[in-house]
Amino acid sequence: MSWENFRFALFEKAPEALFEHSMIVVITITIAILISVPLGVLLTRPKYKGLGLVTLNVLNVLQAIPGLAIIALALPILGLGMKPAVVALLFQSLLPIVRNTIAGLIGVSPDVKEAACGMGMSQRRILLEVEIPLAMPIILSGIRTATVYVVSIGTLAALIGAGGLGNLIMGGLALFRPEYLLVGAGLGAIMAITLERSLSYLERRITPPGMRVS
Amino acid sequence: MIELKQITKQYLGQAMPAVENLSLSIPEGEICVLVGPSGCGKSTILRMINRMIEPTSGTVTIKGEDVSSTDSDQLRMGIGYVIQQIGLLPHRTIAENIAIVPRLYKWPKERIAKRVDELIVMMGLDLEKTRGKYPSQLSGGQMQRVGVARAMAVDPPIMLMDEPFGAVDPIARNHLQDELLRLQKEIKKTIVFVTHDINEAIKMGDNIAIFDAGKLVQFGTPEEILTNPKNSFVENFIGHDRVVKKLNLYRADDAMQPVGCLVKESDLQSAGQRMKDAGTEVAFLLNEVGQRLGHLTFAEFEAGKGDLEGLRKKVLRTEKAFVQISTSLPDALSLLLEFDSDYLGILKGDELCGMLSFKDIRKHVYRKDGE
Ligand SMILES: Nc1ncnc2c1ncn2[C@@H]1O[C@H](COP(=O)(O)OP(=O)(O)O)[C@@H](O)[C@H]1O
Ligand SMILES: [Mg+2]
């Protein structure tokens, strides 16, 4: 271990790696939310209810494939770089969000929905003003799970040239420089914990006041 | 006002139709109660009125207009809807909950705020304490008040209420029923009220429709139904205490007869003759300044003729046997027993306006229609 190596890893390498890693996480999670939440909503509409179980099973299978395998599979299909990494990670971050969106929406009391409908609120209004707000804490908790997951598995993305904190870790392994390893893994852990904490704070904040368990 | 014409509702995968060939016309400005055992199709009927459910065949018209040709959201905005489970939005305050329909109508903010306050007060809730609370902070009875207030927010001419007080405790339920009846005297809405409780139906209904397994069995006023149950189903549904239930429909002044004979205290010894002359069996006694002392029957007079002091005492034993005309017949009956008296004097304010005996009550309950 040398201080020089450590300093170099932390100040010269880490900023870029951290930026790339954040990009991977932000892009993946944003796309995952944009796909999963509407999908979850759709699968809880009476018309498509039958598809819900099928979709969940498919996503379950995708989730069960090890992250490394998915990333390895992405390489021959999508080539090198950040794009295939994002796609590979995306596959696995869909499930927790879809699953929680469905669970959250199904969990909204049918009495509340019936009353809302009986008062003449349109289906759209009921979704936006009643169902989603009431399901939000659970949806957010799915997003939190997916985020932590992408931060950690994201380190493997370096294997297909996506950069990020994985680069530091791989570099450390290849060059026998434990300082790199330490900085890469340490920053990854700090990032995961920070995001986890802030999202769970947000989750508590957006829980409607009338529903908080005090 | 609301007209159901040959309505049938067959749910998918059910052997029997939930509602079968129902024709019913619900009068304007009155409470029409749909009553029957659980599962007989009451909620289904109610929900076909505001198109939460579409009938398999038949039409529903409101003020002559076929509801299936209206926009269902618009239709529902104009009809108050209250359900047993209330369904307040848990993430909205009480004020926001009540404001839902006014907001759908895009009322200006100030108008909504004013109406919300008005309704909270009208429902007997504490304005300052209630407005900003969340539903989970209220009791069941309070929540149902909010549910009713919410349904009345834009003053809709029609209210549909599906077992609205079924989930609150009996004391709160009684209160809510009384208040709805009191309110209804002023607001005169067309209310379709669903319950499985025949007592509630008798209490709340101007008209009652009794259902059995999706079919209308009898439609009529509570009095008609209690007097002439159409068949054994209705009879059983009403229960063995049919007559007592019927008593509940009447007040003392419905059954009383005029006072035949008033006697001054100083004329007590001539009371017998006066009763004979007036052709009545009871005399009410007044003291010198016109205060009521009680009453004396002819038989009592005959038995104690010689002993004026004894007669006076007898009269004074019935000193309390007077009730107001608004007293319900069961209460009057109970008081007759309690005072161990043959008659009750009936008061209107402070004025003696009639009298009531066991016989009067019996005659009234068993009188033929039109008598
Ligand atoms: N959505 C539905 N799908 C299938 N059957 C239903 C549905 N709703 C009600 N039913 C059936 O229709 C009958 C009448 O139900 P309902 O109108 O709720 O009765 P009530 O309100 O008098 O208890 C019952 O046998 C019930 O099981
Ligand atoms: Mg019902």
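From a predicted model like this one, the values you see are computed outputs, not experimental measurements. Per-chain numbering applies: the sequence of each chain, read as written, is numbered from 1 onward. Here every chain gets a letter starting at A, and every ligand a number starting at 1, in the order they are written. Local features in this predicted model are restricted to residues of pLDDT 70 or higher, and side-chain atom pairs are both shown and tallied only at a pLDDT of 80 or more, whereas totals for entire chains, interfaces and linings draw on every residue. As a rule here, side-chain values come from all non-hydrogen atoms in the structure, and water together with hydrogens is ignored.

Caption draft 1: View of the overall build of chain A. Only DSSP runs of H or I reaching four residues or more are called helices, and only runs of E reaching two or more are called strands; each is numbered from the N terminus. Of the regular secondary structure elements, chain A holds 8 helices and 0 strands. In chain A, the succession of helices and strands from N to C terminus is α-α-α-α-α-α-α-α. On the principal axes, the C-alpha backbone points of chain A span a range of 70 × 40 × 20 Å. Only protein chains enter the accessibility calculation, which uses a 1.4 Å probe; a residue whose area is less than 20% of its type maximum is buried, one above 50% is exposed, and one in between is partly exposed. Per-residue burial for chain A yields a buried fraction of 48% across its 214 residues. Taking contacts inside chain A between residues at least 6 apart in sequence as the whole, the part at least 24 apart equals 78%. When charges are counted, Lys and Arg contribute as positive and Asp and Glu as negative, whereas His and the chain ends are disregarded. Lysine's charge is taken at NZ, arginine's at CZ, aspartate's at CG and glutamate's at CD. Positive and negative side-chain charges in chain A, numbering 16 and 11 respectively, have mean positions lying 6 Å apart. Residue contacts are defined here by distance: any two heavy atoms, one from each residue, within 4.5 Å place the two residues in contact.

Caption draft 2: Representation of the environment of Ala-209 of chain B. All names here are of chain B. Locating Ala-209 in the fold gives a position in strand β9 (residues 207–212). For Ala-209, a relative accessible area of 0% gives the class buried. Taking C-alpha positions, Ala-209 is 9.3 Å from Ile-225, a pair spaced 16 residues apart along the chain. Excluding residues within four positions of it along the chain, Ala-209 makes contact with Leu-24, Val-33, Leu-34, Val-35, Leu-216, Gln-218 and Phe-219.

Caption draft 3: Spotlight on the pairing of strand β6 (residues 79–83) of chain B. All names here are of chain B. Most of β6 sits out of view: 5 of its 5 residues are buried. Pairing between β6 and strand β7 (residues 158–162): 5 bridges, direction parallel. Its bridge partner lying in β7, Val-82 is registered against Met-161. Strand pairing is assigned whenever DSSP identifies at least 2 bridges connecting the two strands.

Caption draft 4: A look at the pattern of salt bridges. Only one rule defines a salt bridge in this text: a Lys or Arg side-chain nitrogen within 4 Å of an Asp or Glu carboxyl oxygen. In this structure the tally under the stated criterion is 24 salt bridges over all chains. The salt bridge partner of Arg-131 of chain B is Glu-128 of chain B, with a shortest N-O separation of 2.9 Å. Of this pair, Arg-131 of chain B and Glu-128 of chain B both sit in helix α6 (residues 127–131), 3 residues apart, roughly one helical turn. The partly exposed category is assigned to Arg-131 of chain B, whose relative accessible area is 25%. Ionic contacts of the salt-bridge type, sharing partners, join the residues Arg-125 and Glu-129 of chain A together with Arg-92 and Arg-103 of chain B into one network.

Caption draft 5: A look at the environment of Ala-9 of chain A. Among the secondary structure elements, Ala-9 of chain A is positioned in helix α1 (residues 3–44). With 127 residues separating them in the primary sequence, Ala-9 of chain A and Met-136 of chain A have C-alpha atoms 40 Å apart.

Caption draft 6: Inspection of the interface of chain B and chain A at higher detail. At the junction of the two partners, chain B supplies 24 residues and chain A supplies 19 residues. Between chain B and chain A, a total of about 1900 Å² is buried, with carbon and sulfur atoms accounting for 63% of that surface. Linking chain B with chain A are 3 salt bridges, by the criterion used here. One salt bridge in this structure joins Arg-47 of chain B and Glu-114 of chain A, with 3.1 Å as the shortest N-O distance. The term polar contact refers here to a pair of N or O atoms within 3.5 Å; inside protein, the definition further demands a hydrogen-donor-capable atom paired with an acceptor-capable atom, and it admits residues adjacent in sequence only when both atoms are side-chain atoms. One can count 5 residue pairs in polar contact (both at pLDDT 80 or more) joining chain B with chain A. Contributions of two or more residues to the side of chain B that touches chain A are made by α2 (72–77), β6 and α4 (100–104) of chain B. It is α4 of chain B that contributes the most residues to the side of chain B that touches chain A, 4 residues altogether. Taken together, the residues of the side of chain B that touches chain A sort by class into 13 nonpolar, 5 polar and 6 charged. As used here, buried area is the combined drop in accessible area, with a 1.4 Å probe, of two parts when they are placed together. Charged residues are taken to be Asp, Glu, Lys and Arg, nonpolar residues to be Ala, Val, Leu, Ile, Met, Phe, Trp, Tyr, Cys and Pro, and polar residues to be all remaining types, Gly included.

Caption draft 7: The arrangement of unusual backbone geometry in detail. Residues and elements named next belong to chain B. Its identity is not glycine, yet Asp-155 carries a phi of approximately 55°, on the positive side. Mapped onto the secondary structure, Asp-155 falls in the loop between α7 (140–151) and β7. Here Ala-213, not a glycine, exhibits a phi torsion of approximately 45°, which is positive. You can call Ala-213 partly exposed: its relative accessible area is 43%.

Caption draft 8: Main features of the confidence of the model for chain A. In this model, chain A carries an average pLDDT of 90, and 98% of its residues clear a pLDDT of 70 or more. Per-residue pLDDT, averaged within each element of chain A, yields its smallest value for helix α2 (residues 49–64) of chain A (83) and its largest for helix α5 (residues 110–118) of chain A (96). pLDDT expresses how confident the predictor is about each individual residue, on a scale running from 0 to 100.

Caption draft 9: Here's a closer look at helix α14 (residues 271–278) of chain B. Residue and element names in this part refer to chain B. If you check which residues of α14 are buried, you get Ala-271, Gly-272 and Met-275. With its buried residues spanning 105° around the axis, α14 presents them on a single face. Facing away from the buried surface of α14 by more than 90 degrees, the exposed residues are Lys-276 and Asp-277. Residues of α14 that are buried in the fold lie against β11 (262–264), β12 (282–286), β13 (292–297) and α15 (298–303). Immediately downstream of α14, the backbone of Gly-279 shows phi near 65°, a positive value. Within this analysis, the arc is defined by the directions that extend from the helix axis to the C-beta atoms.

Caption draft 10: Region of the structure containing the sheet that holds β12 of chain B. Residue and element names in this part refer to chain B. Strand order in the open sheet formed by 3 strands is β11-β12-β13, with mixed pairing between adjacent strands. Each edge of the sheet is formed by a strand with only one pairing partner; in this case those strands are β11 and β13. Each neighbouring strand pair of the sheet contributes to a mean axis angle of 30°, computed without reference to strand direction. Pairing geometry for β11 and β12, over 3 bridges, is parallel. Lines fitted to the C-alpha atoms define the axes, with helices restricted to the stretch that makes contact. Angles between their N-to-C directions range from 0 to 180 degrees.

Caption draft 11: Geometry of the pairing of strand β10 (residues 215–220) of chain B. All names here are of chain B. In this structure, β9 lies alongside β10, joined through 5 bridges in antiparallel fashion. Pairing of Ala-209 across the sheet is with Phe-219, part of β10. Connecting the antiparallel pair β9 and β10 is a turn made up of 2 residues, with Ala-213 showing a positive phi of about 45°.

Caption draft 12: Representation of the site of ligand 1 within the structure. Residue and element names in this part refer to chain B. The full set of residues close to ligand 1 is Tyr-11, Gln-14, Ala-18, Ser-38, Gly-39, Cys-40, Gly-41, Lys-42, Ser-43 and Thr-44. Tyr-11 has a polar side-chain atom sitting 3.3 Å from a nitrogen atom of ligand 1. When the free accessible area of ligand 1 is taken as 560 Å², the share hidden by the protein chains comes to 60%. Residues belonging to the shell around ligand 1 are distributed by class as follows: 3 nonpolar, 6 polar and 1 charged. Working definition: residue near molecule or strand if any one of its non-hydrogen atoms lies within 4 Å of it. With residues, only the protein chains shown are counted as cover, and all accessible areas are computed by Shrake-Rupley using a 1.4 Å probe.

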